[in-house]
Amino acid sequence: MKTPPRETDFVVIGAGVAGLRAAIELAAAGRVLVLAKREVTESNTQYAQGGIAAALSDEDEVTLHYQDTLNAGAGLCNPEAAHVLVEEGPERIEELIRWGTEFDRSGTKLAFTREGAHSRDRILHAHGDSTGREILRALYAKAKTLHHISVCEFEFSTDLHIEHDRVGGISLMSDKGVHEHVSASGVLLATGGLGQLYRNTTNPNVATADGVAMAYRAGAEISDMEFIQFHPTALYLRTAPRFLLSEALRGEGAYLRNLEMVRFMPKYHELAELAPRDVVARAIVHELEVSRATDPVVYLDLTHLRAEHLKKRFPRIYSTCMQYNVDITTDLIPIRPAAHYAMGGVKTDLEGRTNVAGLYAAGEAAATGVHGANRLASNSLLEGLVFGARAGMHMRSELKTSPKHKEEKHRPAASNGPVDTSTENLIRQMQDLMWNKVGIVRDGSGLRTAIQELQGFTAKTAYAQSRRAYEAKNINLAGLLVARSALAREESRGAHYRLDFPDRNDARFLKHSVVRGESVQFE
Ligand SMILES: Cc1cc2nc3c(=O)[nH]c(=O)nc-3n(C[C@H](O)[C@H](O)[C@H](O)COP(=O)(O)OP(=O)(O)OC[C@H]3O[C@@H](n4cnc5c(N)ncnc54)[C@H](O)[C@@H]3O)c2cc1C
């Protein structure tokens, strides 16, 4: 395992699609240290199944992709960011193909599929349902050919250093619990999502909102945290993680059935199973609530579809479910919704710049406003590529003018210690609280309770002595940011649904939430 240097030109925290793409750009200008807190293969990118959207087919146009993105965003997309995404997306994907990404083809031509709310077939996929894994493989292989890039795994970044009002580097804690400082001219946060704030999530364990929490502690503005996309269909078995069952399954004709075996979606929406994700997720919550079972589920039913086609089209889903003795071609699959994607994050401009000099953010950790109040399916891998590259280009140009920072001394070692059950319990309590009070259906009284209880946990997370304790601290802080933003937005829009304010209110809230210190403003 590589040891990180004490001084470098650029630090990129995160080795998913956004971090690696930025690093490739930065390598032309200086030394780049890329950090992953576990293996490079443990990230949201690695688990992305369905695909990546881009207007590359003969039947498609960037203006249509642009319009679909805006429609999904429920009035809140930043039009300039959406424009950049769809305009630069095709070029970034062609570059990926040149770097060896093997997207699925039909004969020699790229194979495009369609997902909910896309008006054209524009989703590229790889190895059926392993798109993220293939993109990550190719980006990592490309990064390894560039001598200036060092990728260090199992390095956990705890905080940012602010010196003379700009970022001068980071603190990190090794898996042995040793604290180190790394000084750098620029830092990019590409730390991914925050699904682990919730009891049920499709995100891997690394998704604990560390980037948002570090940025907030460093004085960065945080935006749109109330908008969290809950995926309607995650595998729900006591013994299994909440494995995502892609929307593409419903695209292929899967039905949703309740415990009485009734296909319930037609009564909630004219598009039935193909209704928008938030509508399907809320319909499932309602079906679970009205069911009298103690641990209710609903089912995804593919049994009427051709078995051979399902195995070929969804090899990873098929084999993962088989590990838990669920044969998707013959069995009903027990499911529940799960936290999936964060539209909000560290507020940036179109070059990835935050309001803190020298600090950048890209990918799921960032909020450019590109997704508005709800992300269009398969736009997030694309966002990581496009805005990761842009952040890298801008950091490169800024290096020339930024001062070099002196090397920092090591801090004393802190023990990682054995697994601390009190930290695990604390995390579990916060995840339950977030799920119950700041989840798919919210209201003012639940949100106020959540804020009060999270504030009560803050003191317990203050003096973090291990990586897991830092994660607890970050979950607590990010949870508060989500809950406060959700309480302030007194309307329902996109992925944010308030029982006490069920309607959209454009007069007051056609704006982004921005958290500065303790206050939430709309602008
Ligand atoms: C199951 C699943 C399926 C999905 N399917 C799709 C899809 O089909 N299409 C699509 O467009 N999107 C999909 N998404 C969303 C998409 O995968 C993510 O939004 C995107 O990959 C995020 O990329 P990223 O580079 O921002 O972060 P990630 O890929 O999550 O990478 C984060 C990196 O940051 C590192 N990190 C985090 N904190 C620290 C720290 N404190 N110190 C050091 N390193 C740290 C992690 O180790 C990791 O390397 C899916 C997501 C999931 C979970």
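Residues numbered from 1 in each chain as written. Predicted model: local features only at pLDDT ≥ 70, side-chain atom pairs only at ≥ 80, totals over all residues. Heavy atoms only, no water.

Could you give an account of the overall build of the chain, naming the residues involved and the relevant values?
Counting its secondary structure elements, the chain contains 15 helices and 22 strands. At 22 Å, the chain has a C-alpha radius of gyration in line with the 24 Å of a compact globule built from 523 residues. If you line up the chain on its principal axes, its C-alpha atoms span 65 × 55 × 50 Å. Sorting the 523 residues of the chain into buried and exposed places 62% on the buried side. Counting contacts in the chain only where the partners sit at least 6 residues apart, residues at least 24 apart contribute 72% of the total. Accessible surface, the chain as shown: approximately 20300 Å² in total, 50% of it carbon and sulfur. (Helix = DSSP H or I, 4+ residues; strand = E, 2+ residues; numbered from the N terminus. Rg over C-alpha atoms; globule rule 2.2 N^0.38 Å. Buried < 20%, exposed > 50% of the residue type's maximum accessible area, 1.4 Å probe, protein only. Contact = heavy atoms within 4.5 Å. Areas by Shrake-Rupley, 256 points an atom, 1.4 Å probe, with all protein chains shown as cover.)

Can you tell me about the site of the ligand, naming the residues and giving the values?
Taken together, 36 residues lie around the ligand, and Thr45, Gly51, Asp210, Glu364 and Ser380 are the ones closest in. One of the backbone N or O atoms of Gly51 is found 2.7 Å from a nitrogen atom in the ligand. In this structure, Ser157 approaches the ligand through a main-chain N or O atom, which is 2.9 Å from a nitrogen atom. Look at the ligand: alone it shows 1000 Å² of surface, and the protein chains cover 98% of it. Counting residues per element, the ones that place at least two in the shell around the ligand are helix H1 (17-26), helix H2 (44-47), strand S9 (155-163), strand S17 (333-342) and helix H11 (380-399). A class-by-class count of the residues in the shell around the ligand yields 13 nonpolar, 18 polar and 5 charged. (Near = heavy atom within 4 Å. Polar contact = N/O pair within 3.5 Å; in protein donor to acceptor, adjacent residues only side chain to side chain. Nonpolar A, V, L, I, M, F, W, Y, C, P; charged D, E, K, R; others polar.)

For the packing of helix H6 (residues 210-217) against helix H14 (residues 467-488), give the residues involved together with the corresponding values.
Between H6 and H14, the shortest axis-to-axis distance is 9 Å and the interhelical angle comes to 75°. When the interaxial angle is binned, H6 and H14 end up roughly perpendicular. Note on element contacts: H14 touches H6 through Glu471, Lys473, Asn474, Leu477 and Leu481, opposite Asp210, Val212, Ala213, Tyr216 and Arg217. Looking at the contact of H6 with H14 residue by residue, the classes come out as 5 nonpolar, 1 polar and 4 charged. (Axes fitted to C-alpha atoms, helices over the stretch in contact; angles between N-to-C directions. Parallel < 35°, antiparallel > 145°, perpendicular 65-115°, else oblique.)

Can you break down the pairing of strand S1 (residues 10-13) residue by residue, with the values?
In S1, alternate side chains face the same way, and those of Phe10 and Val12 on one face and Val11 and Ile13 on the other are all buried. Where S1 meets strand S2 (residues 32-35), 4 bridges bridge the pair, whose relative direction is parallel. Among the inter-strand pairings, Ile13 is bridged to a residue of S2, identified as Leu35. Relative to strand S12 (residues 186-189), S1 is paired through 4 bridges, and the arrangement is parallel. By the bridge assignment for S12, Phe10 is matched with Gly186. (Pairing = 2+ DSSP bridges.)

Describe the packing of aromatic side chains, naming the residues involved and giving the relevant values.
On inspection of all chains with the given rule, the structure shows 6 aromatic pairs. Ring centres 6.2 Å apart and planes at 90° place the aromatic pair Phe264 and Tyr268 in the edge-to-face group. We classify Tyr268 as partly exposed; its relative accessible area is 27%. Ring geometry for Phe509 versus Phe522: centroids 5.0 Å apart, planes at 75°, classification edge-to-face. Here the residue Phe509 occupies a position in helix H15 (residues 506-509), and Phe522 occupies one in strand S22 (residues 519-522), the gap between them amounting to 13 residues. Chaining the aromatic ring pairs together yields one cluster made of Tyr198, Phe230 and Trp435. Here Arg336 stacks its cationic end above the ring of Tyr236, 4.2 Å away from the centre of that ring. When the ring centre of Tyr341 is taken as reference, the NZ or CZ atom of Arg375 above it lies at 4.4 Å. (Phe/Tyr/Trp six-rings, centres within 6.5 Å; stacked < 30°, edge-to-face > 60°. Lys NZ or Arg CZ within 6 Å of the ring centre and 35° of its normal.)

Could you give me a rundown of the sheet that holds S22, with the residues and numbers involved?
Reading across the sheet, the 5 strands line up as S20-S18-S13-S21-S22 and stay open at both edges, with mixed pairing between neighbours. In the strand order of this sheet, the two ends are held by strand S20 (366-367) and S22, each with one partner. Relative to strand S18 (residues 345-347), strand S13 (residues 222-223) is paired through 2 bridges, and the arrangement is antiparallel. When the bridges of S18 are listed, Ile222 appears paired with Val346.

Explain the side chain of Gln196 residue by residue, including any values.
Of note, Gln196 is situated in the loop between S12 and H6. There is a polar contact of 3.1 Å between the side chain of Gln196 and the backbone oxygen of Asn203.

Residues and numbers for the pairing of strand S10 (residues 166-174), please.
Of all the 9 residues making up S10, 9 are buried; the element is thus mostly covered by neighbouring parts of the structure. Bridge count between S9 and S10: 8 bridges; the pairing is antiparallel. By the bridge assignment for S10, Ile162 is matched with Val167. Once S9 ends, the chain turns through 2 residues before running back antiparallel as S10, passing His164 with a positive phi of about 50°. The sheet contact formed by S10 and strand S11 (residues 179-183) spans 5 bridges and is antiparallel. Bridge pairing links Ser171 to His181 in S11. Between S10 and S11, which follow one another and run antiparallel, lie 4 residues, and Gly177 among them has a positive phi close to 85°.

Mind laying out H6, listing which residues take part and the relevant values?
Extensive coverage of H6 is indicated by the burial of 7 of its 8 residues. Turning to H6, its buried residues number three or more, namely Asp210, Gly211, Val212, Ala213, Met214, Ala215 and Tyr216. Gly219, located one to two residues past H6, shows a positive phi value of around 95°.

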